[in-house]
Amino acid sequence: MEKLPSNKYIWEISYPIILGMLAQNVINVTDVAFLGRVGEVELGASAIGGLFYIVIFMLGLGFGSGAQILMARRNGEKNYAQIGSIMDHSLYFLVGMAVFIFFSIQFIAPSILGTLISSPAVYAKTMDFLHYRIIGLVFAFIIVIFRSFYIAITRTLWITLTAVIMAVVNVILAYGLIFGKLGFPMMGIAGAGLASSIAEAFAAIVFIIVTLRQKDLKKYCL
């Protein structure tokens, strides 16, 4: 009879996944915490802009979950080469989707948010936030597929590393760019959006570097 995984082993695999899923929420909480000190308009605009971004982000997350299931199945079958193929195709698709959404949002967002937001001031600040925040969508989708890959092969420790890096970078840059501290220009709510996008870029780059430096991952044909 095959030995069942222990609770400790299950926890070691699952807690980095939990932290990784919380990372996006940590970014939103950081924006709220800082922008609450700027003004009520900025606070409301960041909440609306953040929710708008999360709705779009869920498109990539759903696709990443499907890719994760396929890669996990191939890992169980020890068909490692197929994992790399799924990873590559998923990455190309998600990056293409992110670029398409990025350009589409430039035309769609003003009409959608203009209808939903009655306050001109809140609307203007929301657009300022999204102008920089939506750039991070490409990097967020890259993070999604790398998380799916590492979950599928049960190496979730790297998910914890990137989640921590993303949270720390976001806090530092948000503080600097919102309030004009640490030598950064004071950008207000636009700085919050830019800080979040840069933090996602950092996490995506770390995932790529870590993956390329692990020689034992070559069996996945990445």
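Preceding this section is the structure that the text describes.
Chains are numbered independently. Their residues run from 1 in the order of the written sequence. A pLDDT threshold of at least 70 governs which residues receive local features in this predicted model, and a stricter bar of 80 or more applies before side-chain atom pairs are shown or counted, although totals over entire chains, interfaces and linings include all residues. The side-chain figures draw on all heavy atoms in the structure; neither hydrogens nor water molecules are used.

**Q** Would you mind showing me how to read the packing of helix 5 (residues 136-152) against helix 7 (residues 189-213) here?
**A** Relative placement of two packed helices is described by the angle separating their axes and the distance separating the axes. Close contact between helix 5 and helix 7 brings their axes to 8 Å; oriented N to C, the two are set at 40 degrees. In this structure, helix 5 meets helix 7 at a crossing whose hand is left-handed. Contacts between helix 5 and helix 7 involve Gly 136, Leu 137, Phe 139, Ala 140, Ile 142, Ile 143, Phe 146, Arg 147 and Tyr 150 on the former and, on the latter, Ser 197, Glu 200, Ala 201, Ala 203, Ala 204, Phe 207, Ile 208, Val 210 and Thr 211. Think of it as three bins: nonpolar holds Ala, Val, Leu, Ile, Met, Phe, Trp, Tyr, Cys and Pro, charged holds Asp, Glu, Lys and Arg, and polar takes everything else, Gly as well. Taken together, the residues of the contact of helix 5 with helix 7 sort by class into 13 nonpolar, 3 polar and 2 charged. Under this scheme, a helix contributes an axis fitted over its contacting stretch, all axes are lines through C-alpha atoms, and angles between N-to-C directions fall in the 0 to 180 degree range. Comment: elements are numbered from the N terminus, with helices defined as DSSP H or I runs of at least four residues and strands as E runs of at least two. Crossing handedness is read from the near helix: turned anticlockwise from the far helix by less than a right angle, it gives a left-handed crossing, and turned clockwise, a right-handed one. Here, two residues are considered to be in contact whenever any of their heavy atoms come within 4.5 Å of each other.

**Q** Explanation requested: the packing of helix 4 (residues 120-133) against helix 7 in the structure shown.
**A** For the pair helix 4 and helix 7, interaxial distance at closest approach is 7 Å and the crossing angle is 20 degrees. Comparing the axis directions of helix 4 and helix 7 gives the class roughly parallel. Considering only the axes of helix 4 and helix 7, their crossing is right-handed. Of the residues in helix 7, those in contact with Lys 125, Asp 128, Phe 129, Tyr 132 and Arg 133 of helix 4 are Ile 189, Ala 190, Ala 192, Gly 193, Leu 194, Ser 196, Ser 197 and Glu 200. Tallied by class, residues from the contact of helix 4 with helix 7 come to 6 nonpolar, 3 polar and 4 charged. When describing relative orientation, an angle under 35 degrees is termed roughly parallel and one over 145 degrees roughly antiparallel, while 65 to 115 degrees is termed roughly perpendicular and anything else oblique.

**Q** Help me understand the nonpolar core, please; the structure alone is not making it clear to me.
**A** As a rule of thumb, soluble globular proteins bury nonpolar side chains together. Met 71, Leu 137, Phe 141, Ile 145, Phe 149 and Tyr 150 are the most contacted members of the largest nonpolar core, which totals 60 residues. Looking at this core, the elements that each hand over two or more residues are helix 1 (7-35), helix 2 (40-76), helix 3 (80-116), helix 4, helix 5, helix 6 (157-179) and helix 7. No other element matches the 12 residues that helix 5 contributes to this core. Joining through side-chain atoms within 4.5 Å is the link that ties buried Ala, Val, Leu, Ile, Met, Phe, Trp, Tyr and Cys residues into a set, and such a set is a nonpolar core. Each residue is placed in one exposure class: buried if its accessible area under a 1.4 Å probe, protein chains only, is under 20% of its type's maximum, exposed if it is over 50%, and partly exposed if it falls in between.

**Q** Just checking my understanding: could you explain the side chain of Ser 196 for this structure?
**A** By the secondary structure assignment, Ser 196 is in helix 7. For Ser 196, a relative accessible area of 0% gives the class buried. A polar atom in the side chain of Ser 196 sits 3.0 Å from the backbone oxygen of Ala 192. Among residues more than four places away in sequence, those in contact with Ser 196 are Ile 27, Asp 31, Arg 133 and Asn 170. Here a polar contact is recorded for every N or O atom pair within 3.5 Å, except that within protein the pair must consist of a potential hydrogen donor and a potential acceptor, and residues adjacent in sequence are included only if both atoms are side-chain atoms.

**Q** Can you walk me through the pattern of salt bridges in this structure?
**A** Think of it this way: side chains of opposite charge can pair up when their charged atoms draw near. Salt bridge criterion: a side-chain nitrogen from Lys or Arg within 4 Å of a carboxyl oxygen from Asp or Glu. Here the structure, examined in full by the defined rule, presents 5 salt bridges. Here the residues in one salt-bridge network are Arg 73, Arg 74 and Glu 77, joined through shared partners.

**Q** Would you mind showing me how to read unusual backbone geometry here?
**A** The backbone of Thr 154 sits at a positive phi, close to 60 degrees, despite the residue not being glycine. Following the sequence through the fold, Thr 154 ends up in the loop between helix 5 and helix 6. Despite not being glycine, Leu 182 shows a phi value in the positive range, around 60 degrees. With respect to the secondary-structure elements, Leu 182 resides in the loop between helix 6 and helix 7. Look at Leu 182 and you get exposed, because its relative accessible area is 56%.

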